[in-house]
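# Structural description and commentary
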Amino acid sequence: LEAHQAERFAWQSPDEWRLASQLTQWASGLAIPTAEVDSEHFLTPRDGWRRYPHSRMEFFYRALRKQYRVLLDERGQPLGGRWNFDAENRAKLPASQPIPAPLTFANEVSDIDAMLTRHGIATIGSADADALPWPVTRRQSRALLEHFLAHCLPHFGRYQDALSERGWSLFHSRLSFSMNSKMLHPLEVIRAAQAHWQANQATISLAQVEGFIRQILGWREFVRALYWEKMPEYRRTNFLGAERPLPGFFWNGETSMACVRHAIRQSLEHAYAHHIQRLMVTGNFALLAGLHPDEVDAWYLGIYVDAIEWVELPNTRGMSQFADGGLMGSKPYASSGAYLERMGHYCKGCHYQVKARSGPDSCPFNSLYWHFLWRNRDKLGNNPRLALPYANWDGQTTEQQQAILMTAEHHLLHLERL
């Protein structure tokens, strides 16, 4: 400011609460006029939580669909007569279904690698200093968008929740990094997806494109609005009182649980896992085991290439760990091994038996699931969406319950050995 004899200082709103607070405080001490302008890379302002329906993401999403005229007919009604096709987008990936090879890049980052080595920075995972596979320019980001539309969108919605060891990206776009680092604008991506679907309706159903657009127009904007409304208190929430430290296998993938091993090793290798791997595999395990949300947050923020606090914190602490007490979701996203078996193929080759609820060889997700419900009944017992699981638990014999709880207690005492 002194060097250029500036008469005014203005800045674009940063995406992180900490940095925003620091900038505001610093600017308040300047002797020249200052101004903060909103970011142009989102579809809602920072106070979107107050401007739009915010009790649940679905209502938030519908309001934005109407505002931006996305997937609507001439009367302003949703195409296909429905706002949400999520019920059609939960298919397991068939063994016969071909998977497109992911588009990757070979970006030179040896100078960054040398800098990290020179400063003695401890790192995890693996990296090729001569071939960073993620896009680092707008041109590369647009190429990734075009690749998704041509090769992945036709099956995206149907298999977006599928778990598989056959590929690390399946039909997912991997565009979150490009949008979060502002190489692509979210509305640009939404418009491109809708236009591509309209031109290819013979091969791409409405459910596929709606499922993709909902992730951007719905979840992405919803979590950002919640973040700015609830910070800084939000990052300290721990509704369930979880206190256990993160097991060591989160840093090396050395566990006998096949689904967790694959999700963690993929994350370490590619800095990426799709939303169900994050939510229902690693996140689900952390929730059931009662891992401290601070440690879970730190892991997700440090591991994933697309993780910036505004999007990571609500998804991890809120949606995944239910630490916010239900602001993000109406119930905890907790499941036993049955869900993992239904959505993936891990269980057939796993060390543990997915059908067993108790005993040393039983799937840890089973006993930990019931233990989670049992120990948190004072906080979750009146949740109407958990009435059926609690009725199931109450219907088991005392002997069955004790066997399950004893197995879970053993797992919790020996998390490092699972």
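Thresholds, definitions, all that
Residues numbered from 1 in each chain as written. Predicted model: local features only at pLDDT ≥ 70, side-chain atom pairs only at ≥ 80, totals over all residues. Heavy atoms only, no water. Helix = DSSP H or I, 4+ residues; strand = E, 2+ residues; numbered from the N terminus. Rg over C-alpha atoms; globule rule 2.2 N^0.38 Å. Buried < 20%, exposed > 50% of the residue type's maximum accessible area, 1.4 Å probe, protein only. Salt bridge = Lys/Arg side-chain N within 4 Å of Asp/Glu carboxyl O. Contact = heavy atoms within 4.5 Å. Pairing = 2+ DSSP bridges. Right-handed = clockwise from strand over helix to strand, strands pointing away. Polar contact = N/O pair within 3.5 Å; in protein donor to acceptor, adjacent residues only side chain to side chain. Core = buried A, V, L, I, M, F, W, Y, C linked by side-chain atoms within 4.5 Å. Axes fitted to C-alpha atoms, helices over the stretch in contact; angles between N-to-C directions. Parallel < 35°, antiparallel > 145°, perpendicular 65-115°, else oblique. Left-handed = near helix turned anticlockwise from the far one by under 90°. Nonpolar A, V, L, I, M, F, W, Y, C, P; charged D, E, K, R; others polar. Expected span 1.5 Å × (residues − 1). Arc of directions from axis to C-beta. Phe/Tyr/Trp six-rings, centres within 6.5 Å; stacked < 30°, edge-to-face > 60°.

### Considering the overall build of the protein
When helices and strands are counted, the protein shows 17 helices and 2 strands. Its C-alpha atoms give the protein a radius of gyration of 23 Å, near enough to 22 Å, the size a compact globule of 418 residues would have. Across its three principal directions, the C-alpha atoms of the protein cover 75 × 55 × 45 Å. The proportion of buried residues among the 418 residues of the protein is 52%.

### So, the pattern of salt bridges
With the rule as written, the count across this model stands at 20 salt bridges. Measuring nitrogen to oxygen at the nearest pair gives 3.7 Å for the salt bridge that ties Arg214 to Asp86. Residue Arg214 is located in helix α8 (residues 206–230), and its partner Asp86 is located in the loop between α3 (57–68) and α4 (110–118); the two are separated by 128 residues in the primary sequence. We note a salt bridge from Arg317 to Asp297, for which the minimum N-O separation is 2.7 Å.

### Brief notes about the environment of Leu380
In this fold, Leu380 is placed in helix α15 (residues 377–380). Note on Leu380: relative accessible area 1%, which makes it buried. For the pair Leu380 and Pro154, spaced 226 residues apart in sequence, the C-alpha to C-alpha distance is 39 Å. Not counting residues within four places of it along the chain, the set of residues in contact with Leu380 comprises Phe239, Leu240, Phe322, Pro332, Phe372, Leu386 and Tyr390.

### Section: the pairing of strand β2 (residues 34–37)
In the sheet, strand β1 (residues 9–12) pairs with β2 via 4 bridges, with the strands oriented parallel. Bridging from a neighbouring strand, Ala10 pairs with Ala35 of β2. This β-α-β element, β1 to helix α1 (residues 17–27) to β2, shows right-handed connectivity.

### Considering the environment of Phe365
Structurally, Phe365 is set in helix α14 (residues 364–375). With a relative accessible area of 1%, Phe365 lands in the buried category. Remark: the alpha-carbon pair of Phe365 and Ser335, spanning 30 residues in sequence, is separated by 7.3 Å. Look past the residues within four positions of Phe365 in its chain and what remains in contact with it is Met257, Cys259, Val260, Met280, Val281, Asn284, Phe285, Leu288, Ser335, Ser336, Gly337 and Leu340.

### Description of the side chain of Asn89
Residue position: Asn89 is located in the loop between α3 and α4. Among the polar contacts listed, one links the side chain of Asn89 to the backbone oxygen of Phe85, at a separation of 3.5 Å.

### Notes on the nonpolar core
Among the nonpolar cores identified, the biggest contains 108 residues, and Phe212, Leu217, Phe285 and Phe365 are the most heavily contacted of them. A total of 13 residues in this core trace back to one element, the largest contributor, which is α8. Trp168, Phe177, Met183 and Tyr272 belong to the second largest nonpolar core, which has 5 residues in total.

### Quick look at the packing of helix α9 (residues 258–270) against helix α10 (residues 275–289)
Following both chains from N to C, one finds α9 and α10 inclined at 130°, their axes separated by 9 Å at the closest point. In terms of orientation, α9 lies oblique with respect to α10. For the pair α9 and α10, the sense of crossing is left-handed. Facing Cys259, Val260, His262, Ala263, Ile264 and Gln266 of α9, the residues of α10 in contact are Gln277, Val281 and Thr282. Split into classes, the residues belonging to the contact of α9 with α10 amount to 5 nonpolar, 4 polar and no charged.

### Side note on α3
Counted at 1.5 Å a residue, the expected span for α3 with its 12 residues is 16 Å, and the 16 Å between its end C-alpha atoms agrees. For α3, the complete set of buried residues consists of Met57, Glu58, Phe60, Tyr61, Leu64, Arg65 and Tyr68. Looking down the long axis of α3, one finds its buried residues gathered within 160° of arc, a one-sided arrangement. Summarising the contacts, the buried residues of α3 are in contact with α2 (48–51), α7 (186–199) and α8. Count one or two residues on from α3 and you reach Arg69, which has phi positive near 55°.

### What to know about the side chain of Ser335
As for its position among the elements, Ser335 is in the loop between α12 (309–320) and α13 (337–343). Here the side chain of Ser335 touches Asn284 through a polar contact of 3.0 Å, side chain to side chain. Apart from the residues lying within four places of it in its own chain, the contact partners of Ser335 are Met280, Asn284, Leu288, Phe365 and Tyr369.

### As for the packing of aromatic side chains
Under the defined criterion, the tally for this structure stands at 27 aromatic pairs. Measuring from centroid to centroid gives 4.5 Å for Phe148 and Phe212, while their planes differ by 40°, and the two rings are tilted. In this pair, Phe148 sits in helix α5 (residues 138–159) while Phe212 sits in helix α8, placing the two residues 64 residues apart along the sequence. Note on Phe212: relative accessible area 2%, which makes it buried.

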